[in-house]
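Examining the three-dimensional arrangement
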Amino acid sequence: MKAFAALYRELDAATAIKRKQKALVEYLRAAMDDPARHASAAWAVYFLAGGKPRQLAPTKLLRRLALEEARLPEWLFEECYSTVGDLAETLALLLPIVDETEEATLDQWMRERLLPLRAAPEEAKYKSLCGWAHKLPQSQRLVFFKMITGELRVGVSRLQVAQALALAAGVDAKRMAQRMMGYTQAGRVPTATDFAALTAPASADEDEALKEGQPYPFYLAHPFQQPVEKMAEALGAVGDWIVEWKFDGIRAQYVQRGGQFQLWSRGEELVTDSYPELAELQRWLPEGVALDGELVVLRDDDYAAPQDLSGLQPFALLQQRLGRKVVSAKILRDLPVVFIAYDLLEQDGRDLREAPQEERRGALEALVVDATLRARDFGVTLPLRLSPLLTAPDWPSLYAKREEARALGVEGMILKARAGAYGVGRRKGSDRENVWWKWKLDPMSVDAVLIYAQRGHGRRSGVYSDYTFAVWSDPPEAPARALVPFAKAYSGLTDEEMRAVDAIIRKTTVETFGPVRSVTPTLVFELGFEGIAESKRHKSGVAVRFPRMLRWRIDKPVAEADTLQALRELLPAPHA
Amino acid sequence: MDLIKATPQGLYCSAGDFHIDPWRPVSRAVITHGHSDHARWGSAAYLCQRDCAPILRKRLGDVSIQALDYGERLDVNGVSVSLHPAGHVLGSAQIRVEYRGEVWAASGDYKLERDGVSAPFEPVRCNAFISESTFGLPVYRWRPQADIMEDVNQWWRRNAAEGRASALFAYGLGKAQRLLANVDASIGPIYCHGAIEPINDIYRAQGVALPATRLVAEAVGKNAFAGALVFAPPSAAASPWMRRFGEYSDAFASGWMQIRGNRRRRGFDQGFAISDHADWPGLLEAIHATGAERVFVTHGSVGALTRYLSESGLDAREMRTEYGEEEAESGAQEPEAP
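Each helix and strand in chain B was counted, giving 8 helices and 19 strands. Scaling as 2.2 N^0.38, a compact globule of 338 residues should have a C-alpha radius of gyration of about 20 Å, and chain B matches this with 20 Å. Once the C-alpha set of chain B is aligned to its principal axes, its extents read approximately 65 × 45 × 30 Å. Counting only residues that meet the buried cut, chain B has 52% of its 338 residues in that class.

Put into C-alpha cells, the structure is as follows:
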C-alpha cells in the first residue's frame with residue numbers, strides 16, 4: 001500500500017505524460033522483480049486502469065466517520081466537502097492525525113479487509129473503518145479513501161497503463177491491450193497470477209489461451225471537426241471512405257467461440273446476460289467470429305432486409321434496458337434490442353484486424369446476409385442488422401445527406417478509410433489512413449439562463465462551475481412568466497471564463513442552500529446538447545443529452561433567452 | 001461602546017481618531033503589515049512596526065511614517081496604542097488598543113508557527129479580538145514547516161539531479177524570504193525574479209540571514225538554470241517569461257495547495273501547502289488565548305468561523321472588510337491573500 005500510495009502521488013504530481021510513464025514503468029518493474037509484490041501490483045493495475053470494485057462501504061458511513069472522528073458539526077463538514085470537492089480527500093484532510101501507524105500491503109487491504117467488508121452488517125463496517133482510519137499512515141489516507149469511493153482517477157488513461165505494462169514486460173502494446181481485456185470487469189478480484197500473466201513474455205500458447213471468450217480492444221473514432229470545404233483536402237476523395245451512420249446506442253462486441261458467445265460493452269463489461277434476445281444469434285452465426293457493432297432498441301414489425309433500420313428507437317428507450325439484473329418478458333417485448341454490425345474482427349477463428357476495412361466489410365455483409373436468410377427460411381427474424389453504407393458523389397453532397405441524421409435518430413456519420421486496418425484504442429496515424437472519423441451533427445442549442453450554481457469537483461473543486469440552466473415558461477409578453485430549469489452543465493467554458501462566472505455568481509447570490517447558490521439571473525449561455533426527449537421526471541417536461549456550454553452570450557439580455565416552446569420545437573416527431 | 005468599527009474607509013477607532021489598515025485614504029493609518037491589501041496608498045500619516053517601515057517605504061514611496069518597537073506604547077488622542085508580533089511576515093503586528101480599561105486587538109494577518117524569520121506570534125489578552133479567517137475551515141491543518149521544507153528540498157534535489165530547473169512560485173513579500181531562509185541552499189544556485197530580489201535586500205538589511213541569490217535577468221550562459229531553484233511571483237506562472245528556463249518543474253508554495261483541485265486546476269507539478277496564515281487549529285488556539293469574550297471575524301471563511309465560534313459559546317460576529325476578500329474565499333483566483 002505504501003508503494004501504491006507513493007506511485008499515486010508521483011502520478012498526481014507529474015503533469016508531463018513522459019514523467020507519468022516513467023513512474024509507472026519503474027513501479028511495475030520493481031513489482032515484477034519481487035513475487036511478493038505481484039498481488040498488490042495486480043490491484044494497482046486494476047485501479048489505475050479504471051477498475052472499480054462494487055461499493056465497499058456506503059458513503060453514508062464515510063460521512064459519519066468524518067463527523068464523529070473529526071468531531072465536526074454536520075454543516076461544517078458539508079462546508080469542507082464543498083470546498084474540497086472530493087469526499088475521499090475531505091476525509092483525508094479532516095481525520096485526526098495519528099502517531100502509531102501500521103503497514104499492510106495493497107493486496108491485504110483489498111482481499112482481507114475491504115472486500116469482506118461488503119458482507120458485514122453496518123455497525124461492524126463502521127467499527128472496522130474507524131479502526132483502520134486510526135492506524136492508517138497519513139500519506140496513505142487519500143488513496144485508501146479513494147479506493148473506497150472508487151474515484152481513483154489520477155490522469156492516467158487505461159491506454160497509458162497498457163503501454164507502461166507493455167514496456168515493463170517487453171511485449172507488444174497491442175498484445176498487452178488484449179491481455180488487459182476484461183481485467184477491470186466488475187466483480188473481478190485480480191491476483192498475483194493475473195499480474196504474472198500480464199507481465200509474462202509473449203508465448204505461442206498465449207495466442208490460443210487468449211481466444212477463449214476474449215474480445216478485441218475496441219477501435220475508437222476521432223471527432224472530425226473541419227469544415228466541409230476542407231474535407232477534400234484533408235481526406236482525399238469521398239470514394240476512399242466507407243461511410244455509415246453513427247448510431248446513438250451502446251458499442252458492443254459479439255464474440256462466438258468454442259460453442260459459447262459473449263457480448264462485451266466498450267467499458268469491457270461482459271453484458272451477455274443483459275441482452276438475452278441476442279442468444280438467438282448463436283444458432284445462426286458460425287463458430288469463431290467476432291463482430292463489432294452497436295446495440296440499439298429497434299422495433300421490427302415490418303422487417304424487410306438486414307440493412308433496414310426503420311423502427312430504430314431513441315437512446316432514451318435503450319437507457320431503460322441498462323443495468324437490469326432481470327430482463328422481464330414485457331421489457332423484451334416493449335424494448336427489443338438488436339445488434340447492428342459494422343465490422344468483422346474474426347472469422348473462422350482468424351484475426352482479420354490487419355485486413356483492409358473494405359475486405360472486412362465484404363466478409364461481414366456475406367456473413368450477416370447468409371445468417372439472416374437461413375434464419376428467415378425457418379421464420380426467424382434475427383436481432384441482427386447490417387449497418388447501411390452511405391454514398392455520395394462528393395463531400396458537399398455527403399454533408400447534405402448528414403442532415404437526415406436527426407430525423408433518423410442517429411448522431412451523424414462515421415468515416416472509415418477503405419484501406420485501413422482495425423487499430424487499437426484511440427491511436428492516431430495520418431488523417432487518411434487507419435482512421436475512423438466520427439462526423440457528428442452540430443448540436444442543437446438554445447440560449448438559456450443560469451439560475452443555480454454549485455461548486456465543482458476534481459479540477460473544478462472550490463469554483464462555482466456546475467450550473468443549472470433555465471428557459472422562460474412563456475413569451476416575453478406574458479406577464480407572469482417564470483424561468484423553468486431544464487438542464488445542468490459544467491463543461492465548455494475556458495478556465496478564464498469559469499473564473500469570471502465564479503466571481504459574478506458570488507456577487508449575485510440570492511440564497512445559499514447547502515452547496516447550491518441561487519443567483520439573480522444575469523448570465524445567458526448558448527447551451528448545446530446532442531438530443532432531446534420528453535421526460536416526466538423533469539419539471540420542464542423535457543430531458544436533454546450531453547448538455548454543455550457552447551458560448552457565453554455576454555451580448556444577450558436575460559429577457560431574450562429562449563422559451564420552453566423553442567426548446568420543445570426541437571423534440572423529434574413522435575415515433576410510430 | 002465598540003472601540004473599533006468597520007467603516008467605509010476601514011477599521012476605525014473613533015476614540016483615538018485613527019484607522020487600522022484603511023482601504024481608503026485617511027488622516028492617520030495604523031498598519032499591521034506591508035502587504036498591499038493592508039498597507040494602501042494615500043493616507044496622510046502612517047504608523048507601523050520598526051521592521052515594517054522600510055517595506056512600507058518601498059511600497060508607498062516617500063510618505064510620513066512613524067515606527068514603533070513591539071510592545072512600545074503610544075498615546076493617540078488619549079488611546080493607548082501598541083504593536084505586538086503577529087508572526088505573519090517581517091514587521092507584521094497585531095494592533096492593541098486600550099481606552100478607559102477596555103482592550104481591543106486587531107490581528108491583521110497572523111500565524112502561530114515560528115518560521116525563523118518574523119518575530120513569533122504573541123497572544124494579546126483583550127476584551128474583543130478582530131481575527132482574520134483566510135484558512136478558517138478544518139481542512140486547513142498545516143504540516144510542520146520542517147516537513148514541508150524537506151519536501152521542497154527533495155523536489156529541488158531530484159530536479160537538479162535530472163538537469164531541470166525548479167521554478168517555485170511564492171508571494172514576493174514574506175513567503176519567498178521564509179522559503180529562502182529555510183531551504184537547503186547547498187543543493188544548487190538560487191535565482192530570484194526582479195519583483196522578489198529587492199524585498200530580499202530589505203530583509204537582509206534588517207539582519208535576516210538569507211542565502212546568496214541572483215537576479216534571473218543576470219544569469220549568464222545557456223544552462224544557467226539547470227539545477228537551479230528559481231523564485232518567482234505566482235503571476236509569472238505559465239507566462240512567456242518562463243520560457244528562458246528550458247525544461248523545468250514548477251511548484252506553488254501556498255496554503256491553497258492543501259486542496260488537490262487548486263493545484264491541478266492551475267497545472268502545477270507540485271503544491272507545497274505552506275502558509276503565513278494560521279490554519280484552523282491555529283485560529284482557534286489564537287482566539288482562545290486572547291481570552292476575548294467578543295470576536296469579530298474578517299476576510300476568509302467568515303461565515304464558517306463565526307458560526308463555529310458562536311456555537312461554542314463566544315459572542316462572534318462577522319466584520320466586513322476589503323482585505324483579500326474574493327481571493328480568500330474562492331481560492332481560485334490569485335490563490336493567497338497577500
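Among all positions in helix α11 (residues 173–180) of chain A, only Met176, Ala177, Gln178, Arg179 and Met180 of chain A are buried. Directly after α11 of chain A, the chain includes glycine 182 of chain A, whose backbone phi takes a positive value near 80°.

On to the interface of chain B and chain A, then. Counting residues at the interface gives 21 residues for chain B, matched by 27 residues for chain A. If you list the elements that add at least two residues to the side of chain B that touches chain A, you get α5 (260–266), α7 (302–311) and α8 (325–330) of chain B. The leading source of residues in the side of chain B that touches chain A is α5 of chain B, at 5 residues. Here the side of chain B that touches chain A is composed, by residue class, of 7 nonpolar, 7 polar and 7 charged.

Here we come to the domain arrangement of chain B. All names here are of chain B. The domains assigned to chain B are domain 1 (5–140 + 276–330) and domain 2 (145–272). One C-alpha centre belongs to domain 1, the other to domain 2; they are set 29 Å apart. Along the lines of polarity and charge, the residues of the side of domain 1 that touches domain 2 split into 8 nonpolar, 5 polar and 5 charged.

Right, let's get into the nonpolar core. Judged by nonpolar contacts, the single largest core of 211 residues is most densely connected at Val45 and Leu165 of chain A together with Ile4, Leu168 and Val230 of chain B. Looking at this core, the element that brings in the most residues is helix α3 (residues 38–48) of chain A, giving 9 residues. Val446, Val501, Leu527 and Leu567 of chain A belong to the second largest nonpolar core, which has 34 residues in total.

Turning our eyes to something else, we now look at the sheet that holds strand β5 (residues 45–49) of chain B. Residues and elements named next belong to chain B. In spatial order, the strands read β1-β2-β3-β4-β5-β6; together these 6 strands make up an open sheet with mixed pairing. Single-partner strands in this sheet number two, and they are β1 (5–7) and β6 (64–68). With direction set aside, neighbouring strand axes in the sheet form an average angle of 35°.

It is worth spelling out the environment of alanine 405 of chain A at this point. All names here are of chain A. Its location among the elements puts alanine 405 in helix α20 (residues 405–408). We classify alanine 405 as partly exposed; it has 18 C-beta atoms within 10 Å. It is 45 Å that separates the C-alpha atoms of alanine 405 and valine 143, two residues lying 262 residues apart in sequence.

Moving on: the sheet that holds strand β7 (residues 73–76) of chain B. Residues and elements named next belong to chain B. Taken together, the 7 strands give an open sheet; going across it, the order is β7-β8-β9-β10-β11-β18-β19, and neighbouring strands pair in mixed fashion. On the outer flanks of this sheet lie β7 and β19 (315–318), each paired with one strand and no other. Taking each pair of neighbouring strands and ignoring which way they run, the sheet shows an average axis angle of 25°. Packing against the sheet, helix α6 (residues 280–290) makes contact with β10 (102–106), β11 (128–133) and β18 (294–300), and its axis sits at approximately 170° to β11. With respect to the sheet, α7 is in contact with β11, β18 and β19, its orientation differing from that of β19 by roughly 165°.

Right, let's talk about helix α9 (residues 141–149) of chain A for a bit. All names here are of chain A. Counting buried positions over the 9 residues of α9 gives 8, a clear majority of the element. Listed in full, the buried residues belonging to α9 are Arg141, Leu142, Val143, Phe144, Phe145, Lys146, Met147 and Ile148. In this structure, the buried residues of α9 make contact with α1 (2–13), α3, α4 (59–69), α6 (87–94) and α7 (106–117). Just beyond α9, the residue with positive phi is glycine 150, at close to 75°.

A separate point is the packing of helix α1 (residues 53–60) of chain B against helix α4 (residues 197–205) of chain B. All names here are of chain B. Between α1 and α4, the shortest axis-to-axis distance is 10 Å and the interhelical angle comes to 155°. Looking at the two axes, α1 sits roughly antiparallel to α4. Crossing geometry of α1 relative to α4 is assigned as right-handed. Where α1 approaches α4, its residues Pro54, Ile55 and Lys58 are matched on the opposing element by Pro198, Ile202 and Ala205. Among the residues making up the contact of α1 with α4, the classes are represented as 5 nonpolar, no polar and 1 charged.

Now for the packing of α1 of chain A against helix α2 (residues 17–32) of chain A. All names here are of chain A. Where α1 meets α2, the closest approach of the two axes is 9 Å, and the angle between their N-to-C directions is 165°. It follows that α1 is roughly antiparallel to α2 by the angle criterion. Along this stretch, α1 crosses α2, giving a crossing that reads as right-handed. Residues Ala3, Leu7, Glu10 and Leu11 of α1 form the contact with α2, whose participating residues are Lys20, Ala23 and Tyr27.

The residue phenylalanine 546 of chain A is not glycine, and still its phi comes out positive at about 45°. For phenylalanine 546 of chain A, a count of 12 C-beta atoms within 10 Å puts it in the exposed group.

Below, the discussion takes up the pairing of strand β9 (residues 93–99) of chain B. Residues and elements named next belong to chain B. In this sheet, β9 lies alongside strand β8 (residues 79–85) in antiparallel orientation, the contact comprising 6 bridges. Within β9, the position partnered with proline 85 by the bridge is alanine 93. Summarising the sheet, β9 and β10 pair through 5 bridges and their orientation is antiparallel. Considered in β10, the bridge of isoleucine 95 is made with alanine 106. Between β9 and β10, which pair antiparallel one after the other, the connecting turn spans 2 residues, and arginine 100 there sits at a positive phi close to 50°.

Residues and elements named next belong to chain A. In terms of burial, strand β5 (residues 289–297) is a largely internal element, 9 of the 9 residues being buried. Bridge analysis of strand β3 (residues 250–257) against β5 gives 7 bridges, and the strand direction is antiparallel. If you follow tyrosine 254 over to β5, its bridge partner there is leucine 291. Summarising the sheet, β5 and strand β6 (residues 337–347) pair through 8 bridges and their orientation is antiparallel. Opposite aspartate 292, over in β6, you have aspartate 343 as the bridge partner.

What counts as what
Residues numbered from 1 in each chain as written. Chains lettered and ligands numbered in written order. Predicted model: local features only at pLDDT ≥ 70, side-chain atom pairs only at ≥ 80, totals over all residues. Helix = DSSP H or I, 4+ residues; strand = E, 2+ residues; numbered from the N terminus. Rg over C-alpha atoms; globule rule 2.2 N^0.38 Å. Buried ≥ 20, exposed ≤ 12 C-beta atoms within 10 Å, placed from the backbone. Contact = placed C-beta atoms within 7 Å. Nonpolar A, V, L, I, M, F, W, Y, C, P; charged D, E, K, R; others polar. Domains from an automatic or database assignment. Core = buried A, V, L, I, M, F, W, Y, C linked by C-beta atoms within 7 Å. Pairing = 2+ DSSP bridges. Axes fitted to C-alpha atoms, helices over the stretch in contact; angles between N-to-C directions. Parallel < 35°, antiparallel > 145°, perpendicular 65-115°, else oblique. Left-handed = near helix turned anticlockwise from the far one by under 90°.

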